[in-house]
Amino acid sequence: MLTKIKQSKSEKILLIFLIILAIFAFSSFVLIKNKCLFVEKVKVDKLTFENRENIVVMNINCGNVIIELLPEVSPNAVARFKNMIVNKEYDDVAFHRVVENFLVQAGDLEFGKKGNINYTYIGSGKSKYSLIKPEIDKTFDFKKGSVGFAKSKNGDMEDSEFFILLSDAPLFEGEYTPLGKVTHGFTALTKIKSGSKSEYVLRPEFINSLRMLPEISN
Amino acid sequence: MKLNILILLLFFTIFQSKADQIYELIKIPNLKIYQIDKENNLRYLTPKKDFVTNSGINNVSCKKSKNDKVEEKYIKTKNELDDYKKTFFKKIKLKYIVLCEKLKVGEVNALGFANPKMETILLNINVNNKNFERVIHHEVFHIIENNYKKFFPDTTWAKFNNPSFYYSGNSTNPEAFSLAKLSNTNGFFSEYAKYSISEDMAETFSFINSREKYVSEVINLDKILNKKVSFIKVGMSNVKKPL
């Protein structure tokens, strides 16, 4: 005949401790694994925009980032950026340079494409488009979320690379051409993988797609 | 294969992730904004921590200073630079002025340093006030010379000196770096002017802009300096001409 043995008090405490530990370990694993868990998802169809022709939707690992372009500030640069977006040039292009809490940079079309990354030259590639002159004369407050064209390798012209600021940089006024500003989805940008010791990222994240809003709506 | 991996690792450690907006622009770490002069389009910076950086072939290092010391030299610098026209610095491509202590260039104590590529001059605020204003104009000239070399040809300048004279070049004698006014000029405003053509021009420019009365006297007594002063003035009038 089997007799039921009652758990001692210390055994009960040990069991509860093990259950709590298991829950904690499991939830930590899920949370650490999924860096996008607490990133608010931006649903484009739920938003309304005044200047739809100047709205860009960038899809990255942690969701959508909405950028409003500013053609009144930098007409040539914005026209160029739009043209490259329409031609889907930025799809599968790496965020090759990420400086934590400062900026993310992408747009090397020659050495930064998924499946064709060249770590030696990334950040110095050229697009098939010609270089353009910076438009830096108009006042623009480079605040957190501002988007600008990065300078080309020789330092005086612009090509296809762009950056998005993760913190204010007032000294950038007069140095870089402003393209626009992030209106929604900023948190997703802060989750982009950075290098632990370097600005240049080994196995970087990519832009899944970059589209003008009217293209998505159609 | 191993070499490739080593090169890759080196690449990812060389570009240390230390950038902020100032580092992004002029590649000097640990700086903060001290003042922004919107009229002259100049940004005054000072270290928040000591820094060492690489500028071309030289290592440049400088130390953080106390606020009151920076303030004193900031006022002095601003006063000197306010004498130039408002658009002048945009034209010559000078944007950043770093005020710091114990400036060293390639391990040698320096009074100032110009980095035209980064549109920056560094000023050692340990320099006494008498020499400090001269250092400011001296470094400004290096920026001008770099961007408008065609108006300041070395070949013309070299002909002003006595044929037997040679610039000292890589001298290690500390006296060779002296900015003190020479009692016997003999074609040079200071001992440092004998270092190279570029330093000679910068010293001449510096004296013109900070010791006007002395220059007007000395050029009547020293024919070589007379030619050098005229040369710099003609060059500067070309620089100032509208594009």
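Keep in mind that this is a model prediction, so the values were computed, not measured.

A. Region of interest: the environment of Asp83(B). Residue and element names in this part refer to chain B. For Asp 83, the position within the fold is in the loop between α3 (67-81) and α4 (88-92). Since its relative accessible area comes to 63%, Asp 83 is described here as exposed. Spatially, the C-alpha atoms of Asp 83 and Phe 207 are 14 Å apart, while their sequence positions differ by 124 residues.

B. The arrangement of the confidence of the model for chain B in detail. Residue and element names in this part refer to chain B. Of the residues in chain B, 88% reach a pLDDT of 70 or more, and the chain-wide mean stands at 88. Here residues 8-17 is modelled with pLDDT under 50, and outside its nearest four sequence neighbours on either side it reaches 22 contacts, counting other chains as well. Prediction confidence for the complex, expressed as pTM and ipTM, is 0.79 and 0.71 respectively.

C. Up close: the interface of chain A and chain B. Each partner contributes residues to the interface: chain A has 22 residues there, and chain B has 20 residues. Taken together, both faces of the contact between chain A and chain B bury some 1900 Å²; the carbon and sulfur share is 59%. A per-residue breakdown of the area chain A buries against chain B is headed by Leu171(A), Glu175(A) and Tyr200(A), which together make up 31% of the total. Remark: the boundary between chain A and chain B carries three salt bridges. Across the salt bridge formed by Lys90(B) and Asp137(A), the nearest N and O atoms sit 3.9 Å from each other.

D. Representation of the side chain of Arg134(B). Mapped onto the elements, Arg134(B) comes out in helix α5 (residues 129-147). Owing to a relative accessible area of 2%, Arg134(B) belongs among the buried residues under this scheme.

E. Quick peek at helix α8 (residues 212-221) of chain B. Residues and elements named next belong to chain B. Among the residues of α8, those classed as buried are Tyr 214, Val 215, Val 218 and Ile 219. Projected down its long axis, α8 shows its buried positions confined to an angular sector of 125°, all on one face. Residues of α8 that are exposed and point more than 90 degrees away from the buried face comprise Lys 213 and Asn 220. Residues of α8 that are buried make contact with α7 (197-210) and α9 (223-240).

Rules used in this analysis
Residues numbered from 1 in each chain as written. Chains lettered and ligands numbered in written order. Predicted model: local features only at pLDDT ≥ 70, side-chain atom pairs only at ≥ 80, totals over all residues. Heavy atoms only, no water. Helix = DSSP H or I, 4+ residues; strand = E, 2+ residues; numbered from the N terminus. Buried < 20%, exposed > 50% of the residue type's maximum accessible area, 1.4 Å probe, protein only. pLDDT = per-residue confidence, 0-100. Contact = heavy atoms within 4.5 Å. Buried area = accessible area lost by both parts, 1.4 Å probe. Salt bridge = Lys/Arg side-chain N within 4 Å of Asp/Glu carboxyl O. Arc of directions from axis to C-beta.

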